[in-house]
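Residue-level listing of the chains:
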Amino acid sequence: MQTTTINIQGMTCQGCVSSIKTVLEKLPGISQVEVSLDQSLATIHHNPSVVGIEQIKAAISDAGFEVID
Ligand code: 9UX
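Think of each chain on its own: its residues are numbered from 1, step by step along the sequence as written. pLDDT decides what is reported in this predicted model: residues at 70 or higher carry local features, side-chain atom pairs at 80 or more are listed and counted, and totals for whole chains, interfaces and linings draw on all residues regardless. In computing side-chain properties, one takes all heavy atoms of the structure into account and sets aside hydrogens as well as water.

Let's talk about the site of the ligand
Going by this rule: Whether a residue is near a molecule or strand depends on its heavy atoms: it is near if one of them lies within 4 Å of it. Gly is put with the polar residues, along with every residue not named as nonpolar or charged; the nonpolar set is Ala, Val, Leu, Ile, Met, Phe, Trp, Tyr, Cys and Pro, and the charged set is Asp, Glu, Lys and Arg.
Around the ligand sit Thr12, Cys13, Gly15, Cys16 and Phe65, and that is every residue in its neighbourhood. A breakdown of the residues in the shell around the ligand according to their chemical character gives three nonpolar, two polar and no charged.

A closer look at helix α2 (residues 53-62)
How we decide: Accessible area is worked out with a 1.4 Å probe on protein chains only. A residue is then buried under 20% of its type maximum, exposed over 50%, and partly exposed in between. The way it works is that DSSP assigns letters per residue, a run of H or I at least four long becomes a helix, a run of E at least two long becomes a strand, and they are numbered from the N terminus. Working note: the arc is built from the helix axis to C-beta atom directions. Residue contacts are defined here by distance: any two heavy atoms, one from each residue, within 4.5 Å place the two residues in contact.
Listed as buried for α2 are Ile56, Lys57, Ala59 and Ile60. Projected onto a plane normal to the axis of α2, the buried residues spread over an arc of 155 degrees and lie on a single side. Exposed residues pointing more than 90 degrees away from the buried face of α2 are listed as Glu54 and Asp62. Against β1 (2-9), α1 (14-25), β2 (30-36), β3 (41-46) and β4 (66-68) lie the buried residues of α2. One or two steps after α2, the chain reaches glycine 64, where phi turns positive at roughly 100 degrees.

What to know about the pattern of salt bridges
How we decide: Any carboxyl oxygen of Asp or Glu within 4 Å of a side-chain nitrogen of Lys or Arg constitutes a salt bridge here.
For the structure shown, the criterion picks out two salt bridges. When the shortest N-O distance is used, the salt bridge between lysine 57 and glutamate 54 registers 4.0 Å. Linking lysine 57 with glutamate 54, this pair stays in helix α2, spanning three residues, or about one helical turn. Residue classification places glutamate 54 among the exposed residues on the basis of a relative accessible area of 59%. Notably, a salt bridge pairs aspartate 69 with lysine 57, separated by 2.5 Å at the nearest N-O pair. Of this pair, aspartate 69 sits in the segment after β4 while lysine 57 sits in helix α2, and the two are 12 residues apart along the sequence. Here aspartate 69 falls in the exposed class, since its relative accessible area comes to 82%. You can call lysine 57 buried: its relative accessible area is 17%. Taken together, the shared-partner salt bridges in this structure form one network comprising Glu54, Lys57 and Asp69.

Below you can see the structure in the form of structure tokens.
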């Protein structure tokens, strides 16, 4: 398992937090997702041989939020 932290712009309420968690938890290879509204961060525990960082970022973008590199 690998832990990846991603900066996310555009989360304005706990509903956004829930949306992102739901989207990420549906991806294969993801074991745990924590999302902080205050810190604009997602912390994701994933198996890098199943799901890569770019795929995770794409899922967040597709959900309507901006990933900040
Ligand atoms: Mo809150 Mo976020 O009403 O997509 S859910 S702004």
